[in-house]
Amino acid sequence: MFEPVRGGTRGGQAEFKWSDVSADKDRENYLGHSINAPTGRWQKNKDIHWYNRDVKQAEQDRLDEIKRIKEQEAEALSAALCV
């Protein structure tokens, strides 16, 4: 009634490479092709994953910059009032 399960990988997962997708004529049919297999001049020397890089560090840098600007504005205001 039940047949034994076949061994190995199914669907060719072991042989799959995104570099092959970028050269395929039907690359638009792959989900995620624009990020994982970019082609063309638009992606050359660009960080495609910019949105996923060092979010915490960028937020801390932004807060440090705001603090520094507020300190400079306070110093400028106090200097303008003392004159």
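The rules behind each value
Each residue is numbered by its place in its chain's sequence as written, counting from 1. Local features in this predicted model are restricted to residues of pLDDT 70 or higher, and side-chain atom pairs are both shown and tallied only at a pLDDT of 80 or more, whereas totals for entire chains, interfaces and linings draw on every residue. To get the side-chain values, take all heavy atoms of the structure and skip hydrogens and water. A run of H or I in DSSP counts as a helix once it spans at least four residues, and a run of E counts as a strand once it spans at least two, with each numbered from the N terminus. A 1.4 Å probe rolled over the protein chains alone gives each residue an accessible area, and that area as a share of the maximum for its type sets the label: buried under 20%, exposed over 50%, partly exposed in between. Values of accessible area rely on a 1.4 Å probe in the Shrake-Rupley scheme; residue burial ignores everything except the protein chains shown. Take a side-chain nitrogen of Lys or Arg and a carboxyl oxygen of Asp or Glu: if they are within 4 Å of each other, that pair is a salt bridge. Note: pLDDT gives the predictor's confidence per residue, expressed from 0 to 100.

Asker: How do you make sense of the overall build of the chain when you look at a structure like this?
Answerer: Across its full length, the chain holds three helices and zero strands. Counting every position in the chain, which comprises 83 residues, the buried fraction comes to 7%. Accessible surface, the chain: about 8,000 Å² in total, of which carbon and sulfur atoms supply 54%.

Asker: Just checking my understanding: could you explain the pattern of salt bridges for this structure?
Answerer: For side chains of opposite charge, pairing can occur when their charged atoms come near one another. This structure, assessed with the given rule, holds three salt bridges. With a shortest N-O distance of 3.7 Å, Lys 17 and Asp 20 are connected by a salt bridge. The partly exposed category is assigned to Lys 17, whose relative accessible area is 45%. Salt-bridge contacts for Arg 62 lead to Glu 59; the nearest nitrogen and oxygen are separated by 3.0 Å. Residue Arg 62 and its partner Glu 59 are located together in helix α3 (residues 55-82), separated by three residues, close to a single helical turn.

Asker: Is there a simple way to think about the confidence of the model for the chain in this case?
Answerer: Reading fine detail from the predicted coordinates is not recommended where pLDDT is low. Looking at the chain as a whole, its pLDDT mean stands at 79, while 87% of the residues score no less than 70. Of all secondary-structure elements in the chain, the lowest mean pLDDT belongs to helix α2 (residues 33-36), at 74, while α3 reaches the highest, 89.

Asker: What is the right way to look at the environment of Ile 48 in this model?
Answerer: Along the chain, Ile 48 falls in the loop between α2 and α3. Along the primary structure Ile 48 and Pro 38 are separated by 10 residues, whereas in three dimensions their C-alpha atoms are 8.7 Å apart.

Asker: Sorry if this is basic, but what is going on with the environment of His 33 here?
Answerer: Within the fold, His 33 resides in helix α2. Along the chain, His 33 and Ser 22 lie 11 residues apart, while their C-alpha atoms are 7.6 Å from each other.

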